[in-house]
Amino acid sequence: MDTTHEDFGTDSIITLRGAVTPTDTRPLRRALVSALDGGSGDLLLDARAVTGFDDQALAALVAARTHGKSRQQRLVVLDVEGGPLATLLRRTGLIFPLPVYADRDDAEAGLAADRQTVALRSGAFGADAVGADKRAAG
């Protein structure tokens with residue numbers, strides 16, 4: 001496994017190449033957590049050049065997702081349809097907490113939509129209107 005890390009804007013991308021084996025689990029986890037700690041934005045894991053992804057290495061992704069979530073950062077995957085990681089995430093049901101996108105543009109659009117949904121759920125959007133409704137009713 002070969003990894004590279006690049007920052008763009010507030011987000012980061014880690015690109016993986018080659019086969020990800022069980023012995024790569026710890027180094028992958030360290031790389032993902034370090035990238036999350038080094039920035040305030042979300043992390044994209046580019047697995048489009050991965051030739052194989054061992055089931056045991058999923059532990060690194062789950063740990064990094066949990067770490068990022070505690071910091072209000074998200075981890076998403078870039079992979080081709082039928083790629084080793086996308087197939088593994090789909091097979092294990094982890095495709096929902098670790099969404100897969102075809103490329104960086106799709107991932108950024110998906111992350112932006114997710115941010116908007118979170119803002120709506122938290123009441124950040126329309127907070128003034130909610131307060132005005134309460135004052136008018138009271």
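If you're wondering where the values come from, they're calculated on a predicted model, not measured in any experiment.

**Q** Mind laying out the overall build of the protein chain, listing which residues take part and the relevant values?
**A** On a plain count of helices and strands, the protein chain comes out with 5 helices and 5 strands. Going residue by residue from the N terminus, the α and β elements of the protein chain occur as β-β-α-β-α-β-α-β-α-α. Of the contacts made within the protein chain by residues no fewer than 6 positions apart, 68% connect residues no fewer than 24 positions apart. Per element, the accessible surface of the protein chain, about 7800 Å² overall, is 52% carbon and sulfur.

**Q** Tell me about the sheet that holds strand S5 (residues 100-101), and please be specific about residues and values.
**A** In a beta sheet, neighbouring strands are held together by backbone hydrogen bonds and run either parallel or antiparallel to one another. Spatially, S1-S2-S3-S4-S5 is the arrangement adopted by the 5 strands of the open sheet, whose pairing is mixed. Two strands bound the open sheet, and with one partner strand each, they are strand S1 (2-8) and S5. Here strand S4 (residues 75-78) pairs with S5 via 2 bridges, running parallel. Pairing of valine 77 across the sheet is with valine 100, part of S5. Of the strands in this sheet, S1, strand S2 (11-20), strand S3 (43-53) and S4 are in contact with helix H1 (residues 25-37), which crosses S2 at around 170°. Packed on one face of the sheet, helix H2 (residues 58-70) meets S3 and S4 and runs near 140° to S4.

**Q** Please provide a residue-by-residue account of the pattern of salt bridges, values included.
**A** The final tally for this structure, using the stated rule, is 9 salt bridges. Here aspartate 11 ties to arginine 115 by a salt bridge, and the two come within 3.9 Å at their closest N and O atoms. Highlighted residues: aspartate 11 in strand S2 and arginine 115 in helix H4 (residues 104-122), separated in sequence by 104 residues. When its relative accessible area of 8% is taken as the criterion, aspartate 11 is described as buried. The network of salt bridges with common partners includes Asp11, Asp42, Arg74, Asp114 and Arg115.

**Q** Mind laying out the nonpolar core, listing which residues take part and the relevant values?
**A** Ranked by size, the top nonpolar core spans 24 residues in total, and within it Leu16, Leu28, Leu32, Leu45, Phe53, Leu61 and Leu85 carry the most contacts. Only S2, H1, S3, H2, S4 and helix H3 (84-92) provide two or more residues apiece to this core. A total of 5 residues in this core trace back to one element, the largest contributor, which is S3. With 7 residues, the next largest nonpolar core counts Phe8, Ile13, Ala107 and Leu111 among its residues.

**Q** Tell me what's going on with the environment of aspartate 106, and back it up with residues and numbers.
**A** Looking at the element boundaries, aspartate 106 is found in helix H4. Exposure remark for aspartate 106: the relative accessible area of 39% places this residue in the partly exposed category.

**Q** Tell me about the packing of H1 against H2, and name the residues and values.
**A** It is at 8 Å that the axes of H1 and H2 come closest, and there the two elements cross at 20°. One element, H1, and the other, H2, form an angle in the roughly parallel class. H2 is crossed by H1, and the crossing has right-handed handedness. Side by side, H1 and H2 meet where Thr25, Leu28, Arg29, Leu32, Val33, Leu36 and Asp37 of the first sit next to Ala59, Ala60, Leu61, Ala63, Ala64, His67 and Gly68 of the second.

**Q** Tell me about the packing of aromatic side chains, and name the residues and values.
**A** With the rule as written, the count across this model stands at 0 aromatic pairs. Lying over the aromatic face of phenylalanine 8, arginine 104 brings its terminal NZ or CZ to 3.7 Å of the ring centre.

**Q** Describe in detail the pairing of S2, supporting the description with residues and values.
**A** Extensive coverage of S2 is indicated by the burial of 7 of its 10 residues. As paired strands, S1 and S2 are joined by 7 bridges and run antiparallel to one another. Looking across to S2, one finds that glutamate 6 is bridged to isoleucine 13. Between S1 and S2, which pair antiparallel one after the other, the connecting turn spans 2 residues, and glycine 9 there sits at a positive phi close to 60°. Pairing of S2 with S3, which is carried by 8 bridges, proceeds in the parallel orientation. The residue bridging serine 12 from the neighbouring strand is leucine 43, located in S3. Crossover connection from S2 via H1 to parallel S3: handedness right-handed.

Rules behind the numbers
Residues numbered from 1 in each chain as written. Predicted model: local features only at pLDDT ≥ 70, side-chain atom pairs only at ≥ 80, totals over all residues. Heavy atoms only, no water. Helix = DSSP H or I, 4+ residues; strand = E, 2+ residues; numbered from the N terminus. Contact = heavy atoms within 4.5 Å. Areas by Shrake-Rupley, 256 points an atom, 1.4 Å probe, with all protein chains shown as cover. Pairing = 2+ DSSP bridges. Axes fitted to C-alpha atoms, helices over the stretch in contact; angles between N-to-C directions. Salt bridge = Lys/Arg side-chain N within 4 Å of Asp/Glu carboxyl O. Buried < 20%, exposed > 50% of the residue type's maximum accessible area, 1.4 Å probe, protein only. Core = buried A, V, L, I, M, F, W, Y, C linked by side-chain atoms within 4.5 Å. Parallel < 35°, antiparallel > 145°, perpendicular 65-115°, else oblique. Left-handed = near helix turned anticlockwise from the far one by under 90°. Phe/Tyr/Trp six-rings, centres within 6.5 Å; stacked < 30°, edge-to-face > 60°. Lys NZ or Arg CZ within 6 Å of the ring centre and 35° of its normal. Right-handed = clockwise from strand over helix to strand, strands pointing away.

Note that all results are geometric; they support no functional claim without further evidence.
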